[in-house]
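Each chain, written out:
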Amino acid sequence: MTCSIARPPVTVLCGFLGAGKTTLLKHLLSQAGDRRWAVVVNDLATLNIDAALVRDAAETGRKVVDLGNGCVCCSNRDELGETLAELSATGDYDHILVETTGVAEPRGVAALFTQKNPFGRSLSDFARLSSLVSVVDAAHFLREWREYEVSGRRAFPGTGQRPVFELMLEQVECADVIVLGKRDLVSADAFEELEGIVRGLNPRAEMIAVEHGRVEAEWLLTRARFHPQETLKAASWLGALERLSPAGREAKAPRSWIVNTAPAADAALPEHERRFGLKSIVYQRRRPFSEEKLRAFLLTEGQGILRAKGFFWTRERPDEMGFLSIAGGVVRLDYLSYWWAALIENGKATLAARPTAIIGLWQDPAGDRRQEMVFIGKDLKEKTLYAQLDACLDTSDN
């Protein structure tokens, strides 16, 4: 049962530290006029400086809520949900603006609206998520992107460490609107390159270039852009995996499936690939990797790979589902859970209990075990990348 009061739209501003979220928010508030807006500002520190700046910019009568000492996508998530529900329930506000901390993941904030709690309720019962907006510092983002592109160095982070650039990428990949800020601090050529990179990472989002956070409120706030499925799957690597139907997956021999080897005509190529050489390649196999070989490849070869995501399967840990993430010069190999095939083999699940999605993936004798990864980079060669990854496959049974 939903609230009878009209659900106000909520616009969420994400972006890494120093990207310009507060400047943008202050500019929006200067355009509020007689509209009834509430503002929620989050900061990691106990003293929320951003909230103080916004409160100074807001006119008398505007509601500014300070959520300090935690991040709204994790430790302060429940508090954000409660705050938005309370503001919405009053019926006093036409729009609610949320400025997240610089380390917040948009996907975590969106989950408040899309995932139900144990009582069957979600924040969408009280408010409507209108748009996820990611603010990007043009010069900083491009500098981080180029750092690996120039050096070619990669490393595995220590346990628990998360590369800053990976977070910046995820804020771009999960967004309805991307605000390319500080436009005046980069050259025309560099900015054109940045646009190509961002479009390659998130083809769905609307982009706008700004200086000093000047975005027209009418353009940003009057149209809802968030879609529970499309926004959360907007990342190009997710889109590539989503487009893979069970019928298109590797059928038999582990070396029999090559994706899109014929070169496309220039006219058919996406703009970011045609002009900047940025392309995506999907790799699929039904044989396990040797983890040692895979690690060596990820550290020393695969030049041009700047982003990668996907699932992997190794000989050393055959029951565990691996997840690969490459962000610039940092590689992470994590083991998330167990393959359904392993659960069935170990008597912890039955064949009949498989979800529909898993049935679609199933191929005996491997079950759902597979290599399924998307690589994004500059001037990548499909045949070369496939050969390099195939060389990492386990050959102990040959």
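Residues numbered from 1 in each chain as written. Predicted model: local features only at pLDDT ≥ 70, side-chain atom pairs only at ≥ 80, totals over all residues. Heavy atoms only, no water.

Enquirer: Mind showing me how you'd approach the overall build of the protein here?
Expert: Scanning the protein for helices and strands turns up 14 helices and 12 strands. Counting all 398 residues of the protein, 53% fall into the buried class. Of all intrachain contacts in the protein linking residues separated by at least 6 positions in sequence, the fraction that spans at least 24 positions is 77%. For the protein, the exposed surface amounts to about 18100 Å²; the carbon and sulfur share of it is 52%. (Helix = DSSP H or I, 4+ residues; strand = E, 2+ residues; numbered from the N terminus. Buried < 20%, exposed > 50% of the residue type's maximum accessible area, 1.4 Å probe, protein only. Contact = heavy atoms within 4.5 Å. Areas by Shrake-Rupley, 256 points an atom, 1.4 Å probe, with all protein chains shown as cover.)

Enquirer: In this structure, what is going on with the confidence of the model for the protein? I would like to understand it.
Expert: Do not read the fine detail of predicted coordinates wherever pLDDT is low. Here the protein shows a mean pLDDT of 80. Residues at 70 or above account for 77%. Here helix α2 (residues 49-57) stands out as the least confident element of the protein, with mean pLDDT 44; helix α12 (residues 340-345) is the most confident, with 96. When the criterion is pLDDT under 50, residues 44-58 qualifies, and its contacts beyond four places in sequence or with other chains add up to 36 contacts. (pLDDT = per-residue confidence, 0-100.)

Enquirer: Looking at this structure, I do not really get the pattern of salt bridges. What am I missing?
Expert: A side chain with one charge may pair with a side chain of the opposite charge, provided their charged atoms come close. Under the counting rule described, the total for this entry stands at 22 salt bridges. D334 is paired through a salt bridge with R332; the nearest N and O atoms lie 2.8 Å apart. (Salt bridge = Lys/Arg side-chain N within 4 Å of Asp/Glu carboxyl O.)

Enquirer: How should unusual backbone geometry be read in this particular structure?
Expert: A negative phi angle characterises most non-glycine residues, just as the trans form characterises most peptide bonds. Note the cis peptide between D364 and P365, where omega equals 5 degrees. By the element assignment, P365 lies in the loop between α13 (356-361) and β12 (371-378). Residue K182 is not a glycine yet carries a positive backbone phi of 55 degrees. As for its placement among the helices and strands, K182 is situated in the loop between β6 (177-181) and α7 (188-201). We note that H212 has phi near 55 degrees; this positive angle belongs to a residue other than glycine. Tracing the chain through its elements places H212 in the loop between β7 (206-209) and α8 (217-221).

Enquirer: What exactly am I supposed to notice about the side chain of R287 here?
Expert: Turning to its location among the elements, R287 is positioned in the loop between β8 (278-285) and α11 (291-300). Using a relative accessible area of 12% as the deciding quantity, one classes R287 as buried. There is a polar contact of 2.4 Å between the side chain of R287 and the backbone oxygen of D394. (Polar contact = N/O pair within 3.5 Å; in protein donor to acceptor, adjacent residues only side chain to side chain.)

Enquirer: Where do I start with the nonpolar core in this structure?
Expert: It is characteristic of soluble globular proteins that their nonpolar side chains tend to be buried jointly. F141, W145, I178, L194, L201 and W237 are the most contacted members of the largest nonpolar core, which totals 35 residues. The element contributing the most residues to this core is α7, with six residues. In this structure, L194 is in contact with A138, F141, L142 and L180, ignoring residues within four places of it in sequence. Among the nonpolar cores identified, the runner-up in size contains 23 residues, and L84, A85, V98 and V109 belong to it. (Core = buried A, V, L, I, M, F, W, Y, C linked by side-chain atoms within 4.5 Å.)

Enquirer: In this structure, what is going on with the packing of aromatic side chains? I would like to understand it.
Expert: One pass over the full model with this rule turns up six aromatic pairs. A ring pair is formed by F312 and Y335, whose centres lie 5.5 Å apart and whose planes are at 70 degrees; its orientation type is edge-to-face. With F312 in strand β9 (residues 305-312) and Y335 in strand β11 (residues 330-338), the pair connects residues that are 23 residues apart, well separated along the chain. A relative accessible area of 0% places F312 in the buried class. By relative accessible area, Y335 is classed as buried at 18%. These aromatic residues form a ring-pair network of at least three members: F141, W145 and F165. Taking the ring centre of W219 as reference, the NZ or CZ of R225 above it sits at 4.6 Å. (Phe/Tyr/Trp six-rings, centres within 6.5 Å; stacked < 30°, edge-to-face > 60°. Lys NZ or Arg CZ within 6 Å of the ring centre and 35° of its normal.)

Enquirer: What should I look at first to understand the pairing of β8 in this one?
Expert: Consecutive side chains along a regular strand alternate between the two faces of the sheet. Most of β8 sits out of view: seven of its eight residues are buried. Note that β8 and β12 share eight bridges and pair antiparallel. By the bridge assignment, Q284 is partnered in β12 with E372. (Pairing = 2+ DSSP bridges.)

Enquirer: Any chance you could explain the sheet that holds β12 here in plain terms?
Expert: Remark on secondary structure: sheet strands pair via backbone hydrogen bonds, oriented parallel or antiparallel. Taken in spatial order, the five strands line up as β8-β12-β9-β10-β11 in an open sheet, and their pairing is antiparallel. Strands with a single pairing partner mark the edges of an open sheet, and in this sheet they are β8 and β11. Neighbour-to-neighbour, the strand axes of this sheet turn through a mean angle of 15 degrees, independent of strand direction. The sheet contact formed by β9 and strand β10 (residues 320-327) spans six bridges and is antiparallel. Residue pairing in the sheet places G310 in a bridge with L324 of β10. The strands touched by helix α14 (residues 382-390) are β8, β9 and β12; relative to β8, the strand with the most contacts, the crossing angle is about 40 degrees. (Axes fitted to C-alpha atoms, helices over the stretch in contact; angles between N-to-C directions.)

Enquirer: Which parts of the structure should I look at to understand helix α4 (residues 106-114)?
Expert: One turn of the α-helix equals 3.6 residues, which is why residues spaced by three or four share an orientation. Most of α4 is tucked away: seven of the nine residues are buried. Regarding α4, the residues found buried are P106, G108, V109, A110, A111, L112 and F113.

Enquirer: For this particular structure, what's the right way to read helix α1 (residues 21-29)?
Expert: Along α1, the residues classified as buried are K21, T22, L24, L25, L28 and L29. One side of α1 holds all its buried residues, which, seen down the axis, span an arc of 160 degrees. (Arc of directions from axis to C-beta.)

Enquirer: Explain the environment of Y335 here, please?
Expert: Separated by 15 residues in sequence, Y335 and E320 place their C-alpha atoms 6.1 Å apart. Sequence-distant contacts of Y335, that is, excluding residues within four places in its chain, are made with E291, F312, T314, R317, E320, M321 and G322. A distance of 2.9 Å separates the side chain of Y335 from the side chain of E291, its partner in a polar contact. At 3.3 Å, the side chain of Y335 and the side chain of T314 are in polar contact.

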